[in-house]
Amino acid sequence: MVYGFAARVWKNDKKSLKLPVDYGEWIKKFAYPEKNAVIRTLNGKIFEVKVFNLADDYFLYNGWLDVVMSLKLPDNLWVIFRYEEALTSFRLFHFYQDISLAPYKLLLQSWTCQRPRRLHGN
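The rules behind these values
Residues numbered from 1 in each chain as written. Predicted model: local features only at pLDDT ≥ 70, side-chain atom pairs only at ≥ 80, totals over all residues. Heavy atoms only, no water. Helix = DSSP H or I, 4+ residues; strand = E, 2+ residues; numbered from the N terminus. Buried < 20%, exposed > 50% of the residue type's maximum accessible area, 1.4 Å probe, protein only. Contact = heavy atoms within 4.5 Å. Arc of directions from axis to C-beta. Pairing = 2+ DSSP bridges.

(A) Spotlight on the overall build of the protein. On a plain count of helices and strands, the protein comes out with 2 helices and 8 strands. Looking at the protein residue by residue over its 122 residues, the buried ones come to 45%. Here the contacts in the protein between residues at least 6 apart in sequence split such that 56% fall between residues at least 24 apart.

(B) Up close: helix α2 (residues 64–71). Taken together, the buried positions of α2 are occupied by W64, V67, V68 and L71. Angular distribution of buried residues about the axis of α2 spans 95°; they occupy a single face of the element. Exposed positions of α2 whose direction lies more than 90 degrees from the buried face are D66 and M69. Downstream of α2 by a residue or two, K72 has a phi angle that is positive, lying close to 55°.

(C) Quick look at helix α1 (residues 23–30). Among the residues of α1, Y23, G24, W26, I27 and F30 are the ones counted as buried. Viewed end-on, α1 has its buried residues packed into an arc of 165°, placing them on one side of the element. Turned more than 90 degrees away from the buried face of α1 sit K28 and K29, all of them exposed. With its phi angle positive at about 60°, A31 sits one or two positions after the end of α1.

(D) Inspection of the pairing of strand β5 (residues 57–61) at higher detail. Looking at chain direction, strand β2 (residues 17–18) and β5 are connected through 2 bridges and run antiparallel. Residue pairing across strands places K18 opposite F59, the latter belonging to β5.

The analysis is restricted to geometry; functional conclusions fall outside its scope.
Here it is, written out as structure tokens:
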């Protein structure tokens, strides 16, 4: 099974990215990374980031700004992550200014989603 989620980069100068509210549950349920994570891009770039919990919210930190700067991500951008269990990493595979243009409608979810949705076809 392949799962994923969308997150919004509000400001590209922030050192962290807030993850969906249910990320803590996904750690237990789907073995999502709890402390360290690897983000891989389609063109082969690899970034190591930290996952941390603050007041029941999860964030990507220590390395997230490297992702933003290296990929030149603009403000107010949606990024789509796919979790790859075999590699215990996230594949960062789409960026959208307008989330309605994203083709993976089953993957995309709001901040208040209940669980990761299954991604079909990839």
